[in-house]
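Listed below are the residues making up each chain.
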Amino acid sequence: GNSVTQMEGPVTLSEEAFLTINCTYTATGYPSLFWYVQYPGEGLQLLLKATKADDKGSNKGFEATYRKETTSFHLEKGSVQVSDSAVYFCALLSGNTGKLIFGQGTTLQVKP
Amino acid sequence: EAGVTQSPTHLIKTRGQQATLRCSPISGHTSVYWYQQALGLGLQFLLWYDEGEERNRGNFPPRFSGRQFPNYSSELNVNALELEDSALYLCASSRDRSYEQYFGPGTRLTVT
């Protein structure tokens, strides 16, 4: 079945460090891929998406490229801020199911 | 543009009771989705409603049910509450079947 695997957290970085959160997926066909962010006590915010191979999603300095050959959608940011501290979820949407399948989430802690 | 709204913010029930959670989608969105975020279980898809019809259902027992109203708002009902139903319930909406899902802040259900 379809699944998403994210790197274990927490990830702890100093401000202005480079961020990579790994995400790989297993799916039939050509799923759409998403990154969501959840700040403490809040719901999920859509961060970025990609709908086909080699698409690059970007938003607020975050980027992720849909790599079909490696079934990956790694999240990157060149310079993190304390305000980026949150839980990040990678997700896929397969076919006409309406169902997002989420990874387990990766907690990011950015220290000043 | 107002986002997805959910009510109540918090709900405390005792085992065996029924809970009703409400969701109002973003204006212009016709699809509503429900997810459960339980500690240790991650984000699990519950239900998808589109144009008033249930389109897909996750792996949850029948005591989890819902409906979508003509104005596209939605209710999630949980009957015969069990302790393990304690979780954050997130509602999301999307325009048509675009599947770009936008989430509300959630309802925290506690079953004692």
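Residues numbered from 1 in each chain as written. Chains lettered and ligands numbered in written order. Predicted model: local features only at pLDDT ≥ 70, side-chain atom pairs only at ≥ 80, totals over all residues. Heavy atoms only, no water.

Regarding the layout of surface pockets
Okay, so step 1: Approximately 540 Å³ is the volume attributed to the largest pocket.
Okay, so step 2: Those elements giving two or more residues to the lining of the largest pocket turn out to be strand E10 (86-93) of chain A together with strand E4 (31-38), strand E5 (42-50), strand E9 (87-94) and strand E11 (107-111) of chain B.
Okay, so step 3: At 3 residues, E10(A) tops the list of elements feeding residues into the lining of the largest pocket.
Okay, so step 4: Taken together, the residues of the lining of the largest pocket sort by class into 12 nonpolar, 13 polar and 2 charged. (1 Å grid on protein atoms, 1.4 Å probe; cavity = no way out; pocket = protein on both sides within 12 Å on 5 of 7 lines; lining within 4 Å. Points joined across faces, edges and corners; volume = space filled by probe spheres on them. Helix = DSSP H or I, 4+ residues; strand = E, 2+ residues; numbered from the N terminus. Nonpolar A, V, L, I, M, F, W, Y, C, P; charged D, E, K, R; others polar.)

Some points on the interface of chain A and chain B
Okay, so step 1: Listed by partner, the interface residues are 17 residues for chain A and 16 residues for chain B.
Okay, so step 2: Summing both partners gives a buried area of about 1,400 Å² for chain A against chain B, and 60% of it is carried by carbon and sulfur.
Okay, so step 3: Across the chain A-chain B interface, the total number found is 1 salt bridge.
Okay, so step 4: Note that Lys49(A) and Glu100(B) form a salt bridge whose closest N and O atoms lie 2.3 Å from each other.
Okay, so step 5: Our enumeration of links across chain A and chain B arrives at 6 residue pairs in polar contact (both at pLDDT 80 or more).
Okay, so step 6: Within the residue set of the side of chain A that touches chain B, elements represented by two or more residues are strand E5 (32-38), strand E6 (44-50), E10 and strand E11 (100-102) of chain A.
Okay, so step 7: Tallied by class, the residues present in the side of chain A that touches chain B amount to 8 nonpolar, 6 polar and 3 charged. (Contact = heavy atoms within 4.5 Å. Buried area = accessible area lost by both parts, 1.4 Å probe. Salt bridge = Lys/Arg side-chain N within 4 Å of Asp/Glu carboxyl O. Polar contact = N/O pair within 3.5 Å; in protein donor to acceptor, adjacent residues only side chain to side chain.)

Concerning the sheet that holds strand E3 (residues 19-24) of chain B
All names here are of chain B.
Okay, so step 1: Overall, antiparallel pairing links the 4 strands, which are arranged E1-E3-E8-E7 in an open sheet. Looking at strand neighbours, the two that pair on one side only are strand E1 (5-7) and strand E7 (64-68), the edges of this open sheet. Adjacent strand axes in the sheet meet at a mean angle of 20 degrees when their direction is disregarded.
Okay, so step 2: As paired elements, E3 and strand E8 (residues 74-78) share 5 bridges and run antiparallel to each other. Paired with Cys-23 across the strands is Ser-74, a residue of E8. (Pairing = 2+ DSSP bridges. Axes fitted to C-alpha atoms, helices over the stretch in contact; angles between N-to-C directions.)

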